[in-house]
Structures are given as structure tokens and as C-alpha cells.
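# Descriptive analysis of the structure
The chain contents come next:
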Amino acid sequence: MTLLQAAILGIIQGLTEYLPISSTAHLRIVPAFLGWSDPGAAYTAVIQLGTLLAVLIYFRKDLASLARGSFRDLRSDAHWGQDARTVAAILAGTLPIGIAGILFKKSIESTLRGLPVIAGSLILLAVILAWAERAGRRNRDSTTLGFGEIQIIGLAQALALIPGASRSGTTLTAALFLGLKRDEAARFSFLLGIPAITAAGLFELKHLLDAGISSGEMDALVVGTIAAFVSGWIAIEGLLRFLKTRSTLVFIVYRIALGFGILGML
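Residues numbered from 1 in each chain as written. Predicted model: local features only at pLDDT ≥ 70, side-chain atom pairs only at ≥ 80, totals over all residues. Heavy atoms only, no water.

### Considerations on the side chain of E133
Counting through the fold element by element, E133 comes out in helix α7 (residues 115-135). Only 2.7 Å separates the side chain of E133 from the side chain of T248, close enough to count as a polar contact. (Helix = DSSP H or I, 4+ residues; strand = E, 2+ residues; numbered from the N terminus. Polar contact = N/O pair within 3.5 Å; in protein donor to acceptor, adjacent residues only side chain to side chain.)

### Topic: the side chain of E204
Mapped onto the elements, E204 comes out in helix α10 (residues 182-211). For E204, a relative accessible area of 7% corresponds to the buried category. Ignoring sequence-local partners within four residues, the contact set of E204 consists of A42, A45, V46, K105 and E109. (Buried < 20%, exposed > 50% of the residue type's maximum accessible area, 1.4 Å probe, protein only. Contact = heavy atoms within 4.5 Å.)

### Description of the environment of T198
Checked against the element boundaries, T198 lands in helix α10. For T198, a relative accessible area of 25% gives the class partly exposed. Considering only alpha carbons, one finds T198 and A32, 166 residues apart in sequence, at a separation of 27 Å. What T198 contacts, discounting residues up to four positions off in sequence, is L49 and L52.

### Topic: the nonpolar core
Within the largest apolar cluster, 37 residues are counted, with the highest numbers of intra-cluster contacts made by V55, I153, F190 and I236. Elements supplying a minimum of two residues to this core: α3 (40-58), α5 (82-103), α7, α8 (147-158), α9 (167-177), α10, α11 (215-245) and α12 (249-265). The greatest single-element share of this core, amounting to eight residues, is contributed by α10. In this structure V55 touches Y18, F190, I194 and I236, once residues within four positions along its chain are discounted. If you look at the next biggest cluster of nonpolar residues, it comprises 11 residues, including L27, Y43, L208 and L221. (Core = buried A, V, L, I, M, F, W, Y, C linked by side-chain atoms within 4.5 Å.)

### Describing unusual backbone geometry
In the Ramachandran plot, S22 falls in the positive-phi region, its phi being about 75° despite a non-glycine side chain. Residue R138 is not a glycine yet carries a positive backbone phi of 55°. The topology assignment puts R138 in the loop between α7 and α8.

Okay, here's the thing in C-alpha cells:
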């Protein structure tokens, strides 16, 4: 992989990680049609650390408030407050994707990365997202979510292990079904993804370092991660602004068009 290819893939990763169009799908599709080799699931997971840094900095005030509230609740003799319950629910909601990732790791990194699977996932989730747009009340914010509701969104997040499904797409869809406003659903999707992205990125980075990588390969990882950070920040800001006044229709249409486009080319 050249540094230019690494930068392009990093930009794609950052832009598509937080949009409901599947970063994994695009990191598989773009190299396939440009004649590049598949960068692999490990490379994808590691450069996600760039998009993770973007969300940590972007939501630093929210995260600091949650941390302060949680520590205050834990030190109190009274029942846990909203902050501590939210943090506990997010951590618990990460378990499904963690368990599924371990159990199906080999399939995720091999057979499930096939273009027919990606095309089918793109189309199927688009249909379900359209259903969520129609059925959701969109009158709640994320602070009203209960522990069980967060677990439902966590289960939906586990489906994102199927390339083409999209982590932000599955969690956004579940949140819309639960009645969240579109921008609130996206905001909670970003927060819920922090533990999962952190764990996957660090795990794969350790795996790559233990296996031994060249200085050129490390340079490609660094360039891709930096590019993912910059484009990820842009995607977060843009999506939150967009969903305050608009629906997810453009992403639904895009997913369907891309899915059928892939099938047609195959």
C-alpha cells in the first residue's frame, strides 16, 4: 500500500464511519474497483482509532460531564444517577458486539467480506432504515433511554460486524425505532461506539505489532489514521447538522443504488 492509497482509504474510513453507509463496505469496494489489494479487516479496525479520536474530541464536554456525574454517583450512598446509569448501560451494550466479534472473527475477516454479502447488507439495511423513518416517533432525546433500550441498540450494533450493514446505520435505525430524534439518535450512536471501536482498534493494533510489520506498513497505518481523524471530524459535524432538519432518505437511496450497482457489476 502506498502512502497515497493509505490517505485515500483513511479519508474514506473517516467519512463513512459515522454516516449510515458502512465504512467497511467502502474500504472493501473502493480497492476492489481500483484494482488495489484488500487492505483487510485489521487495517480497517486500526485506522478507526483516528475516527475514535475525532469523536472523543468532538464530544469531550459530554464525555467529561458523564465521567464527573458517574464518579459523583459512585461516591454517593444514594442510588445511581442518570450519568452512572448511562455509562453502565453503554458498557453493557458493548458486550454483544464484543462477543460476536470474538466468535465470528474468522468469518468477518474472510467470507463475509465478499462483495455479494456487502451488496445484500447495503440494500437490506436501507429498507429497514426506511421503515424506521416511517415508524419512529422522533420525539425523544438520548437521556430518556432506559437500560433495556440501550441494550436493544447494543444488539443492533453487533449486526454491524456484517460488512455493509454499518455500525452507525444499525444503531441509528434501532434508535429511530425507539422514538429518538434523528440528531439525538446519531449522537447516541457516536457515544455507544466508543468502547467497541477502542477495543477493536487496540486489539488489531497489538495483533499487527506482534506479527511484525515493516516501517512502510507502519507509515501507511499512521497516514491512514490521521486522514481518518480529519475526515471523521467533518463527517460528525456534517451529519449532526444535516439530521437536525432532514431525514435519512439520501442515505437510504445511496445504499440501495450502491448495493444494486455492485450486484450489476458482479
